[in-house]
Amino acid sequence: MEIKKTSLYKLHHDNKAKFVEFAGYLMPIQYSNGIVEEHKFTRNHAGLFDVSHMGQLFIYGDNDLTKDLEKIFPLDLKNLKLNHSKYSFLMNDEAGIYDDLIITKIEKGFLIILNAACKKNDFKILRELLNNKYKMVLDENRSLVAIQGPKAVQILNDIINEVKELSFMSGNWFKFQDQKIYITRSGYTGEDGFEISIPNELSEKFVKELIVKGARLIGLGARDTLRLEAGLCLYGHELDKDKTPIEANLKWAISKDRILKGNFIGSNIITKQLSNGVSKIRVGIKPDGKVIAREKTKIFNRSDLHIGEITSGTFGPSVNGPVAMGYVENKFSKKDTKVFLEVRGKKYPANICGLPFYKKSYVKGANK
Amino acid sequence: MSDVKYSKEHEWIKLEGDIATIGITKHATEMLGDIVFTELPEKGSNVDKDGTAGVVESTKAASDVYTPVSGEVVDTNQDIVDDPSKINQDPENTAWFFKLKIKDKSEMESLMSKDEYDKFAKESSS
């Protein structure tokens, strides 16, 4: 299968990106400044991310669609206001996660942003679950760009007037070069920011204007260190078909009303896990020293019992030290529990900790 | 410098008497990206030619550091453990990794000259 390129490929190339294959796309992992600089630039200024490999699924329909989607997603969709977004999951009958996603109510339907590696399978599953009743478009003609960081609002508002009025997890249609672009205030870095769905032929011009205003291109490498510091899950690592939203410590994303009433795919397991507890659960893990514990690193307790595994681990440039997330047996998941991480045959001490690792200080000037 | 040799694992080695100073090449640091963690062999330990003698980690991944010759570790560079970013800044000079009292000078013979290494690095990265 031929490897795909996004509409911004040439711009990445001109900016000396190093590329990697990710979910069938040739994507920039970093540019010449390197991951640490890109990470810090996003935290202090504004980073631009090409996330066009992600799926933009438009589903059109009326109240029947809302009812049918409520059988799939554990959300109170009938009360979701126009242009408001929710984080959710596509699950199997055992509440295992096929994908995590953002669903937004738009006029005449919903827009769902899906992970690149999952989008085709998600489309197939959703079409079957919806019995092919509704028009579904996995739009390849639109690119997706994120701008993230404390300067994001000011820079984007210079180009798209009024965008600063959007509240977190809401969106709207705006115009760029007389064409419709859809902007939501959201992101994946722990920073304030926006995601912009824009026709492919306009994406480069749009991104170049943002660069002129002071934003910089940031690769997938820094996207990963930023999201990990923010304690956000990455599909295929913290989330997969063998983990449920309750085990992933994401029960906040399930509407309370829906927990009581059930009647969505996986609800039996979710209800059971909520009342009986889970055997494993996702936690933050902070190594005591400098050693980085990567994915698949084994976690032990004080008595040298194997109690879990790391799912993501790296060096956090803003934390200035190693950070990790993983799954441990529930009884060892309390904050400040001492654990040991086996790296290259040696065991290194670490603590179970709360998430996120990095919390934004909104005090002006405090985050230089 | 004529007395610096290079390995296929992207280490450089500079011999002065029977003391060899070893580090990783600029080309290696460019492939690795930002180095954020370093582990060095213990002083007094013995390392064998082509065996692992340390670890460097970037934000992306961990990589072993190999020793191109055998010997006893007589010194290590604590500066690069305290601040691994120094390796990206000055890899072939102040950011050396460890010094060995070498056992067998003939082990140096299989290593590459600067010109040979530059050609090798160019070919292996294209």
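Residues numbered from 1 in each chain as written. Chains lettered and ligands numbered in written order. Predicted model: local features only at pLDDT ≥ 70, side-chain atom pairs only at ≥ 80, totals over all residues.

Turning next to the overall build of chain A. Of the regular secondary structure elements, chain A holds nine helices and 19 strands. What you see for chain A is a C-alpha radius of gyration of 21 Å, in line with the 21 Å of a compact globule of 368 residues. Its C-alpha atoms give chain A principal-axis dimensions of roughly 65 × 50 × 45 Å. For chain A, buried positions account for 45% of its 368 residues. A fraction of 66% describes how many contacts in chain A between residues 6 or more apart in sequence connect residues 24 or more apart. (Helix = DSSP H or I, 4+ residues; strand = E, 2+ residues; numbered from the N terminus. Rg over C-alpha atoms; globule rule 2.2 N^0.38 Å. Buried ≥ 20, exposed ≤ 12 C-beta atoms within 10 Å, placed from the backbone. Contact = placed C-beta atoms within 7 Å.)

Residue and element names in this part refer to chain A. Within the open sheet, the five strands sit side by side as S5-S6-S7-S4-S8. Their pairing is antiparallel. Both outer strands of the open sheet, strand S5 (85–91) and strand S8 (135–138), are each paired with one neighbouring strand and no more. Strand-to-strand, the axes of this sheet are offset by a mean angle of 25 degrees, without reference to chain direction. The pairing of S5 with strand S6 (residues 97–106) spans seven bridges and is antiparallel. Its bridge partner lying in S6, Met 91 is registered against Ile 97. Contacts from helix H4 (residues 119–129) reach strand S4 (55–60), S5, S6, strand S7 (109–114) and S8, with the element oriented near 175 degrees to S8. (Pairing = 2+ DSSP bridges. Axes fitted to C-alpha atoms, helices over the stretch in contact; angles between N-to-C directions.)

Before going further, it helps to examine the interface of chain B and chain A. Residue-level contacts link nine residues of chain B with 13 residues of chain A. Mapped by element, the contributors of at least two residues to the side of chain B that touches chain A are strand S4 (35–39) and strand S6 (52–58) of chain B. Among the residues making up the side of chain B that touches chain A, the classes are represented as four nonpolar, two polar and three charged. (Nonpolar A, V, L, I, M, F, W, Y, C, P; charged D, E, K, R; others polar.)

Residue and element names in this part refer to chain A. Relative to strand S2 (residues 25–30), strand S1 (residues 18–22) runs antiparallel, the two sharing five bridges. By the bridge assignment for S2, Val 20 is matched with Met 27. With antiparallel pairing between neighbouring strands as the criterion, S1 and S2 make up a hairpin whose turn holds two residues, including Ala 23 at a positive phi of roughly 50 degrees.

Our focus in this paragraph is the nonpolar core. Core analysis: the largest hydrophobic core is formed by 117 residues, its most contacted members being Leu48(A), Ile112(A), Val145(A) and Ile147(A). Dropping the residues within four chain positions of it, Ile112(A) is found in contact with Leu57(A), Ile59(A), Leu101(A) and Ile103(A). (Core = buried A, V, L, I, M, F, W, Y, C linked by C-beta atoms within 7 Å.)

Once that is clear, we can look at helix H6 (residues 200–212) of chain A. All names here are of chain A. Where H6 is concerned, the buried positions are Ser 203, Phe 206, Val 207 and Leu 210. Buried positions in H6, seen along its axis, are confined to an arc of 100 degrees and lie on one side of it. Opposite the packed face of H6, turned more than 90 degrees from it, sit the exposed residues Glu 201, Lys 205, Lys 208 and Val 212. If you follow the buried residues of H6, they end up packed against helix H1 (9–14), strand S3 (47–50), strand S9 (142–148), helix H5 (152–159), strand S10 (171–176) and strand S12 (193–199). Just downstream of H6, Gly 214 is the residue with a positive phi angle, here 120 degrees. (Arc of directions from axis to C-beta.)

Moving on, we come to the environment of Ala62(B). Following the sequence through the fold, Ala62(B) ends up in strand S7 (residues 62–66). For Ala62(B), a count of 16 C-beta atoms within 10 Å translates into the label partly exposed. Put simply, Ala62(B) and Thr38(B) are 24 residues apart on the chain and 9.5 Å apart in space, counted from C-alpha to C-alpha. Each residue touching Ala62(B), except ones within four places of it in the same chain, is listed here: Arg294(A), Val55(B) and Glu57(B).

Residues and elements named next belong to chain B. A sheet is described by the order of its strands in space; here six strands give the open sequence S1-S2-S3-S9-S8-S5, paired in antiparallel fashion. On the outer flanks of this sheet lie strand S1 (4–6) and strand S5 (46–47), each paired with one strand and no other. Relative to strand S2 (residues 11–16), S1 runs antiparallel, the two sharing three bridges. Bridged to Tyr 6 within S2 is Trp 12.

Low pLDDT means the predicted atomic positions in that stretch should not be read closely. The predicted model of chain A averages 96 in pLDDT, with 98% of residues at 70 or higher. Scored below 50 in pLDDT, residues 363–368 of chain A shows four contacts in the model against residues more than four places distant or in partner chains. (pLDDT = per-residue confidence, 0-100.)

Another point: unusual backbone geometry. Residues and elements named next belong to chain A. Here the bond from Leu 355 into Pro 356 is cis, since omega is 0 degrees, no more than 30 degrees from zero. Summarising the element assignment, Pro 356 is placed in the segment after strand S19 (346–353). Phi at Lys 16 takes a positive value of approximately 60 degrees, unusual for a residue other than glycine. The topology assignment puts Lys 16 in the loop between H1 and S1. A residue is classified by how many C-beta atoms lie within 10 Å of it, and Lys 16, with 12 of them, is exposed.

This part covers the domain arrangement of chain A. All names here are of chain A. For chain A, the domain assignment lists domain 1 (1–230) and domain 2 (251–353). For domain 1 and domain 2, the distance between their C-alpha centres works out to 27 Å. Facing 22 residues of domain 1, the contacting portion of domain 2 comprises 19 residues. Where the side of domain 1 that touches domain 2 is concerned, the elements lending two or more residues are helix H2 (35–44), S5 and helix H7 (220–229). Among the residues making up the side of domain 1 that touches domain 2, the classes are represented as nine nonpolar, four polar and nine charged. (Domains from an automatic or database assignment.)

Let's shift gears to H7(A). Residues and elements named next belong to chain A. Buried residues dominate H7, accounting for nine of its ten residues. All of the buried residues in H7 are Leu 220, Gly 221, Ala 222, Arg 223, Asp 224, Thr 225, Leu 226, Leu 228 and Glu 229. Residues of H7 that are buried in the fold lie against S1, S2, H2, S3, strand S16 (306–316) and strand S17 (321–329). Positive backbone phi, approximately 75 degrees, marks Gly 231, located one or two places after H7.

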